[in-house]
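Observations on chain architecture
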Amino acid sequence: MPSTNTVDLGFFAAAADDADDAIASKVAESAAGREGEEAERENADADDEAPTADAAPPPPLSVAAAAGAALSKLAAKTWLRPKKPPAAVDAPLLAQWAADLTSRSAAAATAAALLDRSQCLERYLWPLFTDAPSNNHVLVVAALLNEKFRERVADPWSLVTGNAPLFAVFFKAVLSLIVSASLELESRTVLLVLLIHAFQSLENSLVRAECMKLVGISIWHSLRDAEKLELELGKAPGLRKIWNKAEKRRSTASEEDVKNEQEFMSTLIRLYYKVLAVIPEKPTVENRPAIEFCERSLEFFTDLLSQLPTRRYLTSLLKDHHFDQTSRSSTLAARGNISVKNGISHALSGSCFVQLLDLYELYESFEIDDVSGAAISAEDASARHYANMQAFQKLCFSNYRDYLEDFALKPVGVIENRAAFVKHFAEIDLDVLRRLCKDVGFRIAIVGVDGEDDEDSEKYSAEFLIETLARTYCKQTRQLDIVNSVSIYPNETDLFDDLRSPNSYQFQNTHCLPIPKLNLQFLTMHDYLLRNFNLYRLETAYEIRQDVEDAVKRLAPKYTPDVDSLSGSTVFTGWARMAAPIERFEIAEVGSPALGETKPSFVMGEVSFVIGKYSDSIRKEWEALKRHDVLFLIAIEMDAELPAWAADNKAASAKSTTKKQQPFRKQFGIKHIRGCVVVDVLDNEGKKLGGGEDDEEGTGNTRGSGRSYKRTLRVSLDTNQYENDMGRVLRKEAADVHGTFNILLRRKPQENNFKSVLESIRDLMQSSDIVVPDWLQDVVLGYGDPASADFKQMKNPVTKIDFRDTFLSWEHAVQSFPEYTLKPIGDLSASSEKKPPFILNFPNNMFSALRDSSKLGKRKHEAEAKKPSVKDLTIEVETYKPVNMGPFPEDAQKLNTIPFTPKQVEAIHSGSSTGLTLVVGPPGTGKTDLTVQIIANIYHNFPNEKTLLVTHSNQALNQLFEKIVALDIDQRHVLRLGHGTEDLDSAENWGKYGRVNSFLEKRIALLAQVDVLAASLYLPGAHGYTCETAANFFNQHVSRLWERFTEVLTKVDVTVQDLTNNFPFHYYFSSAPSPLFYESQSIEDAKDVVDGCWRHIRKIFTELEEVRAFELLRNNHDRSNYLLMKEAKIVALTCTHAALKRRELVALGFKYHNVIMEEAAQILEVEAFIPLLLQSADQDTGLSRLKRVVMIGDHHQLPPIVQNSAFQKYGNMEQSLFTRLIRLGVPAIQLDQQGRCRKSLADLFRWNYDSQLRDLDAVVSKTHEFQLANPGFAFDYQFVNVEDYNGKGETEPIPHFLQNLGEAEYVVATYQYMRLLGYPASKISILTTYNGQKALIEDVLEKRCRWNPLFGLPHQVATVDKFQGQQNDYILLSLVRTKTVGHLRDVRRLIVALSRARLGLYIFGRRELFENCYELQPALTKLVQERPSDGFWLRGKEIWEADEFTRLVDETGVALKKGEWKVETTGEDGGDAAVFEIKDVVHMGSYVHQMIVEQVEYMKEQKEKQGQNESEDVEMAEEADE
């Protein structure tokens, strides 16, 4: 009997019959395609939950392996390495592939994956594509493009858009086949999916050109009739003009183009109706293709409605065709409604269809003007609703008074709800109803049936038409009201919603999900926030679900018949660090609803738990809980189990077996989950313990030394959730859940910030006018001119900027503007030595707002702008003498020493100007130095403006701070919010409370200086007692002395001797490092010195005046807020902390003018947006104060981390705001010179930056360290092929925890080798692409190196993802995979991996696997073809930092001769070769072991010699004494 797991693989199975087993073992790939490890996870626990019906079982590995081997043979023979290039594609082969790719089994996924990885599309299908392709050719190309989109390969369209005419042929063929009756439904679905991807890629000009033809105004040809068309054209004055232009273009277009433009959308809608109609009330597996097609159709039309350019005319067509009501009236929707209510979500349930329909309805009725694109406010929406209803009532009264007089005369408020509305129309005659519907513009003939245009065609039913009228005229629930009624904390339904939040490891991105997508454009700011809110909430729920599952598994709940236990019928046989059993929970207080609301104003509860069984470290974690920490209350109730002695043992056994296949929630008895936030920590008597209002930098609450381990917390529950729960109780639908909680769950603080982010988004949605600058709003939404926010396009540009210390010399300034001529003016023109600082005056022609175009037409103006005159290309430069701040060393200015490149200077110029600046910084291009210089320039040029510095991580913020404090920025004006300051390599604490303490310490030091000054003037008294006494001292004595001296200073004939004799502060400045006055001193120098002295004194009293507030404010909370609001000019924080503190900052009235965002490409879209809105609008103008937004990042490196691959891939949640703006075409400055690594190492990733990335002079300098070779290694980088070790390659000890022991041993052996040569451990980092391998390498290091002083541990062992933004001199990289490429196929991850090393990069992996990956070939070609990879080439007799080591990096001693790598040089002593090859990991281990033995022997000899020398010294000393 054949195995039930066997799956027909079509061509692949047939070809596998004669496959070579040796090849199969090498190139086999998993048929299931399950690469759940693509999302890097710290939690390695396997997911016990059974796959849903959507997950097809994988075919046997041997079949897939044989299929892969067969395809490899075919690929090599036909398109990879053919003896003769094929002239045309093989038609029978195409037919078989088309059948395989559209099948409903796992064969489709397998076929797509194998064909994609064999480069079939790139090397075979598309090069042989013709202008008359077969259906199968088009279908297979479409399927493989879909596969690349599924795998998230970078820019799949680039493979097929190189030839524009051929791409147009392909696209039209796709459209034709979608609506073709000759094609199977599965094939149409494949093509429809490609069309979905096309409309999500409108940044591609060729794709956009083809797509936009389908959604132009010409689709209105498919409206009901001419009368309906006239009705639509009359809605806006410009529509008729657009229509006429489209009609004029039609005369020159081809018949096929005209048909597609006018009829394609309508034809697709009709096709959707026909497929939807054949789905029965109880669908079977045979109906699954139809269900998938309908779901994809809903997805397609929802996507079109969610972007303004594609919805503008389509909305009218969809409403005309009754798309919404037809879908809602279907049997599939009826089944889906029941399934959703009962929590059923399998593929045939209709749940996905219904939820997709909900999403569609949201966008069909979205509050936006489709013609103008303007958002409709709540007031305008309400006015439109009443106007439409009143017009409808008037029509009913005028034409149908006999039937609807009562309806027409009632107030709108009475009939606007659905029940009252439907009641009035339920009893009128059907013919009257149809006439009424026709009068309001509705179709009454069923769309999509045969003969629908005939008079006697089938008509819609009364129920259908009444429901359509109700949807059109009844008052709809606003989406904002729905959002406001949702709980911030996910409940059990949200957490275990497998439809909207599928298991990340099982999600293959092969089916659609009812979730919003983040793409290029958004309809309004409300739409922008709404999508981000929903996606962020889903992602949060998924992360919380994993924590819940981990804790509940560890608690091991079991059923017990002892109902007297604390947890009822459930006992917990295990324990969990992050969860504790609840001893008592009760609702303590419920606040009365606020005016106009039904939900309580607050809900307080008290929860008690015991932590006595935990260790001290875990108890401290529980006791560290403080105010605002989020917790979760869980109710677990296990079902009764049959005892082992039950009569029906067979049934008990069967139940035990099936239990493992149950969903997690049911298997572990999870009934309810509710979130809460800590309000107070209570003692045993119920009194509040410790903890102030602001515990940002505190450590939470502490307890006395009592022995009681019972802890009680007062918590606040979500009022929306409480109202829903109690409503169900009142309706007798469920019991009260609050008495059932028996587990309290906590989470790591850094993972528990979701509440503040969601609340910030929801707060922003409440505002009808979100305060985004006018110049930025359209760019953020994705509309208008992408360059409109560029500094050259701003209305009031900054034309004059003091660049201060940006330039090191005049030559540096000239080189920084290669397209302009720098003209010195003023004192600078007469100076022989042109020294900075420089003030640059930029020509008016640089700025569009300042060009003189009053006498020119638009076209001539643009032409003139392209041909600038000599004056337009001249930058006028002036200078000034830097102010002398005093004679002491601390008074000297801190100057920049970095010679910025022209591109960096361009970015500094743009960032210092008003507008939006995007800076793309490839690895090693100085993004941090650039950011700091922009901050310094803004700080000095605009001293009254406040700048917000935002990063993704604390580490990046610390790096910026270390450089900010090194520049000429007053430390009083720098503030860091949030945690992370403890990691700064600085004696200062830059946090709020640290800055307060610093100000208080500064006050004491300044007052001491006042006393010193008073003593030097022989003025007794407590002048330095307080800031007030110091101010009096300054006004009464110091300023008067200076005024008298000023009289001498301003005399025309004053001399240096006069200044010396009359200067009143001689004694105070007597400790200056050099005398103030000296012989041969010029009067100008002397005046400059005394001015500097006065500035030094005046600064003391100015700072004391600023510190004076800290004397008056008596607590640190008020002082810190004063510091934030009044003193700080540069406020730094992470994007997460910005969301956490938004409410507080807005309430304080926080104001700022500039936002500078580092690591912008690693920040989630909404987390990058919130920092722009941490303030209220200006009270005078009602506008935003923002003048500059600077975003610095690199979209070619890794995106933000999204834990759930469904949201990452399908919802595109990983797309940052920075990346989206780049996609939209917003001008960006790409830095073009790197100084991190050797030129050869930069070549490995230079190709990904359009080869525009060059090397700094320091890199190519012959005397630099980059030119010396790495001692002990023949090459500075090498790919080392690692075959199976002990018969194994990659392994998976637990699901999704990938390891490779051979590579781990090889990497550690190489690390030991480097340490034996003298390489410092701090200069070596070990990276890998998977957490499982990281854990394995750490284990091997622990066993072999940690304890041994010869080795120790490397600087860091990390995954590539975690190491982004860091670097080290030498990187050892383990790629792990030996079966499939895995997530390294993402080029962004590859770029990060290859760009971390400065001097040496050694990669360990399976060569034949990675070199055949098309996306990786630019880098792999250099790695495996320009360098040997079969062995590891080392050099003997070289040690680290030897004085005599002079070997250059190009002197490898290895050369490629006749296709083989061979040694060029040998040892001079005729012994061991200076260059030798390590064959494999065993060889490397043996060699390192030999080195260890020799090293130990050498150390013994040295120790013996040292002992002998010491003995001889003792003897000599004794002889000397005698």
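Residues numbered from 1 in each chain as written. Predicted model: local features only at pLDDT ≥ 70, side-chain atom pairs only at ≥ 80, totals over all residues. Heavy atoms only, no water.

With that settled, the discussion passes to helix α34 (residues 774-781). Listing the buried residues of α34 in full gives Trp775, Leu776, Val779, Val780 and Leu781. Summarising the contacts, the buried residues of α34 are in contact with α28 (525-555), β13 (915-920), α48 (1165-1169), β18 (1188-1193) and α50 (1217-1224). (Buried < 20%, exposed > 50% of the residue type's maximum accessible area, 1.4 Å probe, protein only. Helix = DSSP H or I, 4+ residues; strand = E, 2+ residues; numbered from the N terminus. Contact = heavy atoms within 4.5 Å.)

This part is about the pairing of strand β16 (residues 1130-1134). Judged by how many residues are buried, β16 sits mostly within the fold: five of five residues are covered. Here β16 shows a buried face lined by Ile1130, Ala1132 and Thr1134 and a second buried face lined by Val1131 and Leu1133. Sheet topology places strand β14 (residues 947-951) next to β16; five bridges connect them, and they run parallel. Each bridged residue has a counterpart across the sheet, and for Thr947 the counterpart in β16 is Ile1130. As paired elements, strand β15 (residues 974-976) and β16 share three bridges and run parallel to each other. Bridge pairing in β16 links Val974 to Ile1130. (Pairing = 2+ DSSP bridges.)

The strand order across the open sheet formed by five strands is β22-β26-β25-β23-β24, and the pairing between neighbours is parallel. On the outer flanks of this sheet lie β22 (1277-1281) and β24 (1356-1359), each paired with one strand and no other. Averaged over neighbouring strand pairs, the angle between their axes works out to 20° when direction is ignored. Pairing geometry for strand β23 (residues 1324-1328) and strand β25 (residues 1368-1374), over five bridges, is parallel. Residue pairing in the sheet places Thr1328 in a bridge with Ser1374 of β25. (Axes fitted to C-alpha atoms, helices over the stretch in contact; angles between N-to-C directions.)

This part covers the environment of Tyr820. Tracing the backbone shows Tyr820 in the loop between α35 (810-816) and β10 (821-824). With 22 residues separating them along the chain, Tyr820 and Phe842 place their C-alpha atoms 9.8 Å apart. Beyond its immediate sequence surroundings of up to four residues, Tyr820 is in contact with Pro843, Met846, Asp872, Leu873, Thr874 and Ile875.

With that settled, consider helix α54 (residues 1331-1344). The end-to-end C-alpha distance of α54, which contains 14 residues, comes to 20 Å, matching closely the 20 Å that a straight helix rising 1.5 Å per residue would cover. The complete set of buried residues in α54 reads Gly1332, Gln1333, Leu1336, Ile1337, Val1340 and Leu1341. In the core, the buried residues of α54 are packed alongside α53 (1301-1316), β23, β24 and β25. (Expected span 1.5 Å × (residues − 1).)

A word on the nonpolar core. Within the largest apolar cluster, 245 residues are counted, with the highest numbers of intra-cluster contacts made by Trp97 and Met265. Here this core gets 15 residues from one element, more than from any other, and that element is α28. Membership of the second largest hydrophobic core comes to 45 residues, among which are Val877, Leu949, Leu960 and Ile1130. (Core = buried A, V, L, I, M, F, W, Y, C linked by side-chain atoms within 4.5 Å.)

So, on to empty space enclosed by the protein. As enumerated under the stated definition, the model contains 16 cavities of 30 Å³ or more in all. Residue lining of the second largest cavity: 15 residues in total, with Thr302, Asp303, Ser306, Pro516 and Lys517 positioned closest to the centre. Every element with two or more residues in the lining of the second largest cavity is listed here: α14 (288-305) and α19 (351-364). When the residues that make up the lining of the second largest cavity are grouped by side-chain class, the tally is six nonpolar, five polar and four charged. (1 Å grid on protein atoms, 1.4 Å probe; cavity = no way out; pocket = protein on both sides within 12 Å on 5 of 7 lines; lining within 4 Å. Points joined across faces, edges and corners; volume = space filled by probe spheres on them. Nonpolar A, V, L, I, M, F, W, Y, C, P; charged D, E, K, R; others polar.)

Here the focus is the packing of aromatic side chains. Throughout the structure, instances matching the rule amount to 73 aromatic pairs. Ring centres of Tyr489 and Phe632 lie 6.5 Å apart, and the angle between their planes is 85°; on these two criteria the pair is classed as edge-to-face. Within this pair, whereas Tyr489 is found in the loop between α26 (479-484) and α27 (492-495), its partner Phe632 is found in strand β5 (residues 630-636), the two being separated by 143 residues in sequence. Site record: aromatic cluster; members linked through ring pairs are Phe888, Phe1033, Phe1034, Trp1042, Phe1045, Phe1063, Phe1065, Tyr1068, Phe1069, Phe1077, Trp1094 and Phe1101. The cationic tip of Arg746 hangs over the ring face of Trp622; the distance from NZ or CZ to the ring centre is 4.6 Å. The aromatic ring of Tyr1277 is capped on one face by Arg1427, whose charged end is 3.9 Å from the ring centroid. (Phe/Tyr/Trp six-rings, centres within 6.5 Å; stacked < 30°, edge-to-face > 60°. Lys NZ or Arg CZ within 6 Å of the ring centre and 35° of its normal.)

For the rest of this paragraph, the subject is the pattern of salt bridges. This model, assessed by the stated rule, comprises 96 salt bridges. The partner of Glu210 in a salt bridge is Lys213, and the shortest N-O contact between them spans 3.7 Å. Owing to a relative accessible area of 11%, Glu210 belongs among the buried residues under this scheme. Asp1361 is the partner of Arg1389 in a salt bridge, and the nearest nitrogen-oxygen pair spans 2.9 Å. Residue Arg1389 is located in helix α55 (residues 1387-1394), and its partner Asp1361 is located in the loop between β24 and β25; the two are separated by 28 residues in the primary sequence. Taken as a pair, Arg1389 and Asp1361 share a single burial class, namely buried. Here the residues in one salt-bridge network are Asp970, Arg972, Lys1002, Lys1099, Glu1103 and Glu1106, joined through shared partners. (Salt bridge = Lys/Arg side-chain N within 4 Å of Asp/Glu carboxyl O.)

On to the environment of Asp725, then. Turning to its location among the elements, Asp725 is positioned in helix α32 (residues 719-730). For Asp725, a relative accessible area of 4% puts it in the buried group. Asp725 sits 13 residues away from His738 along the chain, and the two C-alpha atoms are 8.9 Å apart.

As a further point, take the sheet that holds strand β9 (residues 800-802). The mixed open sheet is built from four strands, whose spatial order is β9-β11-β12-β10. Only two strands of the sheet have a single neighbouring strand rather than two, namely β9 and β10. The average angle at which neighbouring strand axes cross in this sheet is 25°, direction not considered. Of the pairings in the sheet, the one linking β9 to strand β11 (residues 838-841) comprises three bridges and is antiparallel in character. Among the inter-strand pairings, Ile801 is bridged to a residue of β11, identified as Leu840.

With that settled, the discussion passes to the side chain of Asn204. Tracing the chain through its elements places Asn204 in the loop between α9 (185-199) and α10 (205-212). Asn204 gets classed as buried once you look at its relative accessible area, which sits at 16%. Among all residues touching Asn204, those that are not within four sequence positions of it are Trp157 and Thr161.

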